[in-house]
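Now for the letters of each chain:
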Amino acid sequence: MNVLFVTAEASPYLKTGGLGDVSEALPLSLASLGMNVRIVTPHYRAFDSYIRNNAVAVRRRIPIAVMLAGEYIAAAAVETIHPSDERITVWSIECPVYFDRPGLYGESGRDYPDNAERFIFFNKACIELIRICAERGEWTPDVVHSNDWHTAVIAFYITKVYSSMRPFDRMGTVFTIHNLAYQGVFSSLDYPLLGADWAHFTDSRMEHFGNINFMKSGIACAHAVTTVSPTYAREILSDDQGFGLAEFIRHHRKKLTGILNGARYETWSPEKDTLIPSQYSARDLSGKIACKKELCSQFGIPYQEGPPVIGIVSRLTMQKGLELVLAAMSDILRRTVVLVVLGVGDIKYEASFSAWRTIRPSRVGVHLAFSDERAHLVEAGSDMFLMPSLFEPCGLNQMYSLRYGTVPIVRFTGGLADTIIDRDSDSKEANGFTFREFTPQALLAAIDRALAVYNDGPSWKKLMMNGMRTSFSWDDAAAQYSKVYAQAKNAAALRKNKKRTAGKPKKNRKQ
């Protein structure tokens, strides 16, 4: 099966979070199943830097002309080979006016004001790339898999606008919701940029309280919809976690599947990690002490043998439950612990954590930036990993933490509920600590339970070993996606056959 994986970001070229990781790992696993996978993503400035710094060869450039607001805009698909698997072709849509910018989606905490135009352009460029390749008799996808609001409009184009045209008439579409909180809502004044009939601007497709909702169009128009964990698939059907789309998603629930993301252990594993000062394994944990010492050093904290280090690697946003941490900070620091925070985000969280670093420099370390190297070091050098999320579609850091013997403390929601088994459960596979209520008191209670077990050496080591043996393979996720792709392809073929037979006069039965 030919699969075109469309995404706004993809590691190792560029990423801002989990979407970038998924957009590398899932295509690689799909290719290992024998699928012919190609990735298409915008050609940001960071993409260009990666190609230049890593001597990635450009195979060719495919000229593209995209009609936008009555004018043709010149672009190109830059074709390269994925650095981790030569079987995967990567196309990046190059258009400097939209993508040659310092940020992917915005700068200084603010979105670019023309994001609607930028990503409508990208979606239309992907459609044009498919058309050109088909016209030349080259590679054409059987299924197009789009991800999050940035690429949701592709399903609308394929199934509604170009559904009667080749090669789109039999093309299956899959849309994945990575985070329903970010839906791509824009003014209806941007609708003409789509180049679509106003008849499509309805509540059943992409209109939402008078605005355009990109995410809604993907849910409505794709043949199959997935999200990134089974629990999150159930949660977004509820009004409190549906972010205004719960009723709409319930209407489309028959085509919704929750597939748990995996962890790419080729990159995130202490036995293989080249970004940490000392590798280690479940059989020999001695390297973890060296990592802990280096972690304290890089965060400006005096190393001590006794206190456990609690690590946080996160976007500093409301979703991540950081107000719980800040509300409980005085009480947390009354315990014998060290806290390290790595991340960037809302200014109020950055300022608050920075203030605590100033107040308690021997107990709190903060690095306000995204650093892949330091993220690996926090995973390897911490004793515990804190994820008190208000909601968490899947989460990857808790999976990484388990493999590094860093025990997660998480709120029981979304993918965190699907991956962390509480120490106080009856399961012999317990691997962390969970709490349910979104309160500072519940968070503190979970930390206290973790500290009690930490002080019992054998019990703590057993918990670490359970985590290090836990495996969340991308191969399992890829196998589930392959079934969804087949369903989407069949749904597309069935729809075409229905259109073909619609309106034909029925043959009279012989009396």
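So, here's what we can say about the structure. (Residues numbered from 1 in each chain as written. Predicted model: local features only at pLDDT ≥ 70, side-chain atom pairs only at ≥ 80, totals over all residues. Heavy atoms only, no water.)

## Some thoughts on the overall build of the protein
Heads up, the rule is: What counts as a helix is a DSSP run of H or I of at least four residues, what counts as a strand is a run of E of at least two, and both are numbered from the N terminus. In this setup the radius of gyration rests on C-alpha atoms only. A globule is expected at 2.2 Å times the number of residues raised to 0.38. Summary of the burial criterion: residues with accessible area below 20% of their type's maximum are buried, those above 50% are exposed, and those between are partly exposed, where the area comes from a 1.4 Å probe applied to protein chains only.
Each helix and strand counted, the protein has 18 helices and 20 strands in total. For a compact globule of 511 residues, the expected C-alpha radius of gyration is about 24 Å, and the protein comes in at 24 Å, within 12% of that figure. Based on the C-alpha atoms only, the size of the protein along its principal axes is roughly 85 × 60 × 45 Å. Counting over 511 residues, the protein shows a buried share of 59%.

## Re the packing of helix α4 (residues 115-135) against helix α5 (residues 153-161)
In plain terms, the rule: Orientation is described by lines fitted to C-alpha atoms, with helices fitted over the stretch in contact, and by angles between N-to-C directions that extend from 0 to 180 degrees. By definition in this entry, angles of less than 35 degrees are roughly parallel, angles greater than 145 are roughly antiparallel, angles of 65 to 115 are roughly perpendicular, and the rest are oblique. Helix crossings are classified by the rotation of the near helix relative to the far one: an anticlockwise turn of less than a right angle makes the crossing left-handed, while a clockwise turn makes it right-handed. The contact definition used throughout considers only heavy atoms, calling two residues in contact when any of these lie within 4.5 Å. All amino acids are sorted into three groups, where Ala, Val, Leu, Ile, Met, Phe, Trp, Tyr, Cys and Pro are nonpolar, Asp, Glu, Lys and Arg are charged, and the leftover types, Gly among them, are polar.
For the pair α4 and α5, the least separation of the axes is 9 Å and the interaxial angle reads 45 degrees. In terms of axis orientation, α4 runs oblique to α5. In terms of crossing hand, the pair formed by α4 and α5 is right-handed. Here α4 contributes Ile-120, Asn-123, Lys-124, Cys-126 and Ile-127 to the contact with α5, which in turn contributes Val-153, Ile-154, Tyr-157 and Ile-158. Of the residues assigned to the contact of α4 with α5, the class counts are seven nonpolar, one polar and one charged.

## Some remarks on empty space enclosed by the protein
To keep it simple, the criterion reads: Whether a set of points on the 1 Å grid over the protein atoms alone is a cavity depends on a 1.4 Å probe fitting there but being unable to get out, while an open set qualifies as a pocket with protein on both sides within 12 Å along at least five of seven lines; lining residues are those with an atom within 4 Å of a point. Grid points are joined across faces, edges and corners, and a volume is the space filled by probe spheres set on the points.
Per the counting criterion, the structure on display carries one cavity of 30 Å³ or more. Looking at the largest cavity, the residues that line it are Lys-292, Cys-296, Pro-302, Tyr-303, Gln-304, Pro-307, Val-309 and Val-338. Of the residues belonging to the lining of the largest cavity, the class tally is six nonpolar, one polar and one charged.

## Thoughts on the sheet that holds strand β12 (residues 211-213)
To keep things clear, this is the line we draw: Two strands pair under a simple rule: DSSP has to find at least two bridges between them.
One open sheet holds the three strands; their spatial order is β10-β12-β11, and the pairing between them is antiparallel. Only two strands of the sheet have a single neighbouring strand rather than two, namely β10 (185-186) and β11 (207-208). The sheet contact formed by β11 and β12 spans two bridges and is antiparallel. Of the residues in β12, the one forming a bridge with Glu-207 is Ile-212. Packing of helix α6 (residues 214-221) onto the sheet brings it into contact with β10, β11 and β12, and relative to β12 it is tilted by some 55 degrees.

## A closer look at the packing of α5 against α6
Two elements in contact, α5 and α6, have axes separated by 7 Å at closest approach and are oriented at 40 degrees. Taken together, α5 and α6 sit at an angle that is classed as oblique. Crossing geometry of α5 relative to α6 is assigned as left-handed. Taken together, the residues of α6 that come into contact with α5 (itself represented by Val-153, Ala-155, Phe-156, Thr-159 and Lys-160) are Phe-214, Ser-217, Gly-218 and Cys-221.

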